[in-house]
Amino acid sequence: MKKVLIGLFISILCFSGSISPLTAINIGSAQQKPIPPYAKWGTLALKETHKKYPQAKIIDYLHIGRTSGPQTSTEKFKLWLKDKNKEFGVFVNIEFNKVTEKVIKVTFQETSR
């Protein structure tokens, strides 16, 4: 789990412009671990959260899990954000077609915890 979080932290740093992708390749290549199946959805959760809250910094990330229905699945994440005046959590749910992996909807729910 710790190595997955390190990889995702590197992705966040690249996305935020804190480190270059080339540096991330060097850091990431030291750990050759399999990419978790939710990684692409985590990247999307980060991007969509950044779009919705452009002034806030994403300071933490948690993959909660996946729920599956007959035709769709939903990946669930919790991100912790910090803006000028406050810190807050955002639950991000990404519903997608299980066969095509086309995103159906992305929802956000703010939380103080």
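Note that the structure is predicted; figures quoted are calculated from it, not measured. (Residues numbered from 1 in each chain as written. Predicted model: local features only at pLDDT ≥ 70, side-chain atom pairs only at ≥ 80, totals over all residues. Heavy atoms only, no water.)

*Asks:* Explain the overall build of the protein chain residue by residue, including any values.
*Replies:* Each helix and strand in the protein chain was counted, giving three helices and four strands. Along the chain direction, N to C, the helices and strands of the protein chain fall in the order α-α-α-β-β-β-β. Within the span of the protein chain, comprising 113 residues, buried residues form 30% of the whole. Intrachain contacts of the protein chain at a sequence separation of at least 6 include 40% that bridge at least 24 residues. Summed over all atoms, the accessible surface of the protein chain reaches about 7,600 Å², with 55% contributed by carbon and sulfur. (Helix = DSSP H or I, 4+ residues; strand = E, 2+ residues; numbered from the N terminus. Buried < 20%, exposed > 50% of the residue type's maximum accessible area, 1.4 Å probe, protein only. Contact = heavy atoms within 4.5 Å. Areas by Shrake-Rupley, 256 points an atom, 1.4 Å probe, with all protein chains shown as cover.)

*Asks:* Give a description of the sheet that holds strand 4 (residues 103-111) that names residues and reports values.
*Replies:* Within the open sheet, the four strands sit side by side as 1-2-3-4. Their pairing is antiparallel. The sheet is open, and its two borders are formed by strand 1 (57-68) and strand 4, each paired with just one other strand. Put simply, the sheet's adjacent strands are angled 20° from each other on average, direction ignored. As paired elements, strand 3 (residues 87-97) and strand 4 share eight bridges and run antiparallel to each other. Note that in strand 4 the partner of Val90 across the bridge is Glu110. Sitting on the sheet, helix 3 (residues 39-52) is in contact with strand 1, strand 2 (72-82), strand 3 and strand 4, with an inclination near 50° to strand 2. (Pairing = 2+ DSSP bridges. Axes fitted to C-alpha atoms, helices over the stretch in contact; angles between N-to-C directions.)

*Asks:* I'd like a description of the pattern of salt bridges, backed by residues and values.
*Replies:* For the structure on display, the rule yields four salt bridges. When the shortest N-O distance is used, the salt bridge between Glu48 and Lys51 registers 3.1 Å. With Glu48 and Lys51 both in helix 3 and three residues apart, this pair spans about one turn of that helix. Using a relative accessible area of 58% as the deciding quantity, one classes Lys51 as exposed. Residues Lys86 and Glu110 are paired through a salt bridge, measuring 3.9 Å at the closest nitrogen-oxygen approach. Linking Lys86 in the loop between strand 2 and strand 3 with Glu110 in strand 4, this pair joins segments that are 24 residues apart in sequence. (Salt bridge = Lys/Arg side-chain N within 4 Å of Asp/Glu carboxyl O.)

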